[in-house]
Amino acid sequence: LSDMQNSLSFWWNTPEYHEYFVIVDDYDNIPEVYNKVKNELGYGISSTGEKPKDENVELLSIIFKFVGTFLTISILFISVIILIQSSVNSIRERKGFIGLMKAIGYKNHQIFASLIYEQLYMTLKAFLIGGAISTAVVLVANYFFKHGTYRQMQYIIDMKVFFVFLGASFLIAFLVPLITQLLLLRKLVKIQPREA
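Below or above, wherever it landed, is the structure these notes cover. Predicted model only: the values in this text are computed from it and were never measured.

Let us now look at the packing of aromatic side chains. Under the counting rule described, the total for this entry stands at six aromatic pairs. For the pair Tyr 143 and Phe 144, a centre-to-centre distance of 5.7 Å together with 75° between the ring planes defines the contact as edge-to-face. Side by side, Tyr 143 and Phe 144 carry an identical accessibility label, which is exposed. What links up through ring pairs into an aromatic cluster is the set Phe 127, Phe 170 and Phe 174.

Membership of the largest hydrophobic core is limited to nine residues, which are Val 88, Ile 91, Ile 98, Met 101, Ile 111, Leu 115, Leu 184, Leu 188 and Ile 191. Only helix H3 (55–93), helix H4 (95–103) and helix H5 (108–146) provide two or more residues apiece to this core. Once you skip the residues sitting within four places of it in the chain, Leu 188 turns out to touch Ile 91, Ile 98, Lys 102, Asn 108, Ile 111 and Leu 115.

A few words now on H5. It helps to recall that an α-helix has 3.6 residues per turn; residues three or four apart then point in one direction. Between its first and last C-alpha atoms H5 spans 55 Å; for 39 residues at 1.5 Å apiece the expected length is 57 Å, and the two agree. Of the positions making up H5, those classed as buried are Ile 111, Phe 112, Leu 115, Ile 116, Gln 119, Thr 123, Phe 127, Gly 131, Thr 135, Val 138 and Asn 142. Contact partners of the buried residues in H5: H3, H4, helix H7 (159–183) and helix H8 (185–190).

This brings us to helix H2 (residues 30–41). With twelve residues, H2 extends 15 Å between its outermost C-alpha atoms, agreeing within 8% with the 16 Å of an ideal straight helix rising 1.5 Å per residue. Immediately beyond the C-terminal end of H2, within one or two residues, lies Gly 42, with a positive phi of roughly 80°.

On to the packing of H4 against H5, then. Two numbers describe how H4 lies on H5: the axes approach to 10 Å, and their chain directions differ by 140°. As far as their axial angle goes, H5 and H4 are oblique. As for how H4 packs across H5, the hand of that crossing is right-handed. On H5, the residues touching Ile 98, Met 101 and Lys 102 of H4 are Asn 108, Ile 111, Ser 114 and Leu 115. A breakdown of the residues in the contact of H4 with H5 according to their chemical character gives four nonpolar, two polar and one charged.

The rules behind each value
- Residues numbered from 1 in each chain as written.
- Predicted model: local features only at pLDDT ≥ 70, side-chain atom pairs only at ≥ 80, totals over all residues.
- Heavy atoms only, no water.
- Phe/Tyr/Trp six-rings, centres within 6.5 Å; stacked < 30°, edge-to-face > 60°.
- Buried < 20%, exposed > 50% of the residue type's maximum accessible area, 1.4 Å probe, protein only.
- Core = buried A, V, L, I, M, F, W, Y, C linked by side-chain atoms within 4.5 Å.
- Helix = DSSP H or I, 4+ residues; strand = E, 2+ residues; numbered from the N terminus.
- Contact = heavy atoms within 4.5 Å.
- Expected span 1.5 Å × (residues − 1).
- Axes fitted to C-alpha atoms, helices over the stretch in contact; angles between N-to-C directions.
- Parallel < 35°, antiparallel > 145°, perpendicular 65-115°, else oblique.
- Left-handed = near helix turned anticlockwise from the far one by under 90°.
- Nonpolar A, V, L, I, M, F, W, Y, C, P; charged D, E, K, R; others polar.

Quick look at the structure:
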């Protein structure tokens with residue numbers, strides 16, 4: 001056991017017996033990193049990447065990028081359509097209620113403000129719930145990927161990018177109903193108390 005401990009200690013304290021892996025951020029930077037490690041640190045390393053570029057992988061990357069962009073735009077388009085339809089249905093279903101509000105003395109701008117407030121309240125509530133769930137999922141996934149293999153580390157989501165997308169989704173959820181309600185303002189003005 002003592003000989004084994006001595007051998008292990010010798011190996012541990014002798015850097016020449018260790019293998020180190022150098023990871024570069026871009027495939028094209030390999031020669032520059034190779035020269036710096038060799039000339040400045042004095043280590044000789046292989047100049048080839050762990051896995052050279054593969055044309056099939058590049059082709060698949062382009063296909064997945066196109067499919068991902070298409071799906072993202074499609075989801076965004078469908079979400080906007082659903083938000084617009086929700087706002088239109090809100091006024092259509094409440095025609096009698098709006099007429100009643102006008103009959104008891106509410107002005108158009110007061111009715112409009114109450115409808116906007118209700119729509120924004122629902123939007124904000126849904127955004128907070130969805131945003132909290134999304135953030136929790138991304139944080140948990142990042143934690144597991146960060147403590148996983150090198151291949152899994154590639155799937156870590158940059159939190160700055162995530163929050164940019166989260167902010168963009170909030171703007172869409174906030175602005176689309178607001179703009180729709182403004183466009184439907186003429187219809188709201190035309191509703192008469194007799195609709196009640």
